[in-house]
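For reference, the chains in residue letters:
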Amino acid sequence: HVPLMEHNPQAAIANNVGGTRLMVDLSNRFGVDGFVLISTDKAVDPSSIMGATKLVSEKYLQAATIDSLTRMMIVRFGNVLDSAGSVVPTFRRQIVAGGPLTVTHPDMERFFMTIPEAVQLVLQAGAIGETGDVLILDMGEPVKIVDLARDMIELSGLKYPDDIDIVFSGTRPGEKLTETLFYQREHGARKIHEQIYRAPGMIPSSRERIESELTRLDQALGGTRSEAIETLRAVVAALVTDSESVADDQSMPAAA
């Protein structure tokens with residue numbers, strides 16, 4: 001629900017970041033065996049409030065793994081076909097109404113997974129995942145949304161554009177034309193299951209650094225919408241830069 005979070009950034013931050021933080025801390029406190037964070041491909045180089053809050057959530061979990069006995073792992077989803085609020089139910093309603101089908105941009109494309117695949121990914125992550133893992137389903141090639149729209153028209157026994165047309169409504173705030181599943185440093189991902197990749201975990205920020213950045217976010221929740229957005233952007237930039245600098249430091253050869 002990308003547009004919903006674009007319109008309500010404080011609620012998105014409180015729910016996605018604050019909720020993840022609370023559950024991670026409680027898991028540590030009560031000795032939970034395994035914790036699976038459901039993230040999104042939108043957390044990779046995020047352009048939306050949803051993606052940014054999920055990235056911060058990933059960073060908090062990764063920092064928590066440093067001194068946690070709980071197995072903590074991340075699963076990144078693409079779009080889940082026919083889930084509530086997704087494009088398939090929307091197209092279905094528009095077809096029943098006689099059209100047209102609305103697509104934001106002719107080049108818009110997304111990775112898709114089915115509901116059973118999404119459930120299986122979470123269950124498999126809990127069973128085989130190790131602390132710090134980022135697990136991603138092999139979803140094949142991305143699908144153009146306009147192609148999906150044409151397929152649904154034809155599967156309904158109708159013809160495009162004779163019976164039902166497609167109109168382009170323009171990209172929405174926070175939307176990218178394409179999504180990416182991996183950060184640059186995660187491109188060494190390997191399969192640990194016939195349909196699941198394990199990406200090498202990003203180097204976590206220190207617990208002190210992530211706590212400091214989350215304090216900035218907490219303080220921004222009491223301000224204006226624009227202040228919350230700007231603070232979120234600044235926190236994302238700081239955490240990504242921090243992870244990259246730590247990784248560079250650890251990859252440098254030791255001094256003679």
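These notes cover the structure that comes with them. These figures come from a predicted structure and were not determined experimentally.

## Things to note about the overall build of the chain
Link 1 in the chain: When its secondary structure is counted, the chain shows eight helices and 11 strands.
Link 2 in the chain: Here the chain has a C-alpha radius of gyration of 20 Å; the compact-globule value for 256 residues is 18 Å, and the two agree.
Link 3 in the chain: Taking the principal axes of its C-alpha atoms as reference, the chain extends roughly 70 × 45 × 40 Å.
Link 4 in the chain: Long-range pairs, those at least 24 residues apart, make up 79% of the contacts in the chain between residues at least 6 apart in sequence.
Link 5 in the chain: Accessible surface for the chain amounts to roughly 12,800 Å². Of this, 54% is attributable to carbon and sulfur atoms.
Link 6 in the chain: Once the 24 positive and 35 negative side-chain charges of the chain are each reduced to a mean point, those two points are 2 Å apart.

## Description of the packing of helix H2 (residues 9-29) against helix H3 (residues 49-64)
Link 1 in the chain: At a minimum axis separation of 9 Å, H2 and H3 run at an interaxial angle of 20°. As far as their axial angle goes, H3 and H2 are roughly parallel. Of the two elements, H2 crosses H3, and the hand of that crossing is right-handed. Counting all contacts with H2, which are made through Pro 9, Ala 12, Ile 13, Asn 16, Val 17, Thr 20, Arg 21, Val 24, Asp 25 and Asn 28, the residues of H3 involved are Ile 49, Met 50, Thr 53, Lys 54, Val 56, Ser 57, Tyr 60, Leu 61 and Ala 64.

## Topic: the pattern of salt bridges
Opposite charge on two side chains makes pairing possible when the charged atoms of those side chains draw close.
Link 1 in the chain: One pass over the structure, following the stated rule, counts 21 salt bridges.
Link 2 in the chain: The salt bridge partner of Arg 76 is Glu 58, with a shortest N-O separation of 2.9 Å. Note that Arg 76 is positioned in strand E2 (residues 71-77) and Glu 58 in helix H3, a separation of 18 residues in sequence. No difference in accessibility class separates Arg 76 from Glu 58, as the two residues are buried.
Link 3 in the chain: Close ionic contact of Lys 144 with Asp 107 constitutes a salt bridge, the shortest N to O distance being 3.5 Å.

Quick notes on the rules
- Residues numbered from 1 in each chain as written.
- Predicted model: local features only at pLDDT ≥ 70, side-chain atom pairs only at ≥ 80, totals over all residues.
- Heavy atoms only, no water.
- Helix = DSSP H or I, 4+ residues; strand = E, 2+ residues; numbered from the N terminus.
- Rg over C-alpha atoms; globule rule 2.2 N^0.38 Å.
- Contact = heavy atoms within 4.5 Å.
- Areas by Shrake-Rupley, 256 points an atom, 1.4 Å probe, with all protein chains shown as cover.
- Lys, Arg positive; Asp, Glu negative; His and termini not counted.
- Charge placed at Lys NZ, Arg CZ, Asp CG, Glu CD.
- Axes fitted to C-alpha atoms, helices over the stretch in contact; angles between N-to-C directions.
- Parallel < 35°, antiparallel > 145°, perpendicular 65-115°, else oblique.
- Left-handed = near helix turned anticlockwise from the far one by under 90°.
- Salt bridge = Lys/Arg side-chain N within 4 Å of Asp/Glu carboxyl O.
- Buried < 20%, exposed > 50% of the residue type's maximum accessible area, 1.4 Å probe, protein only.

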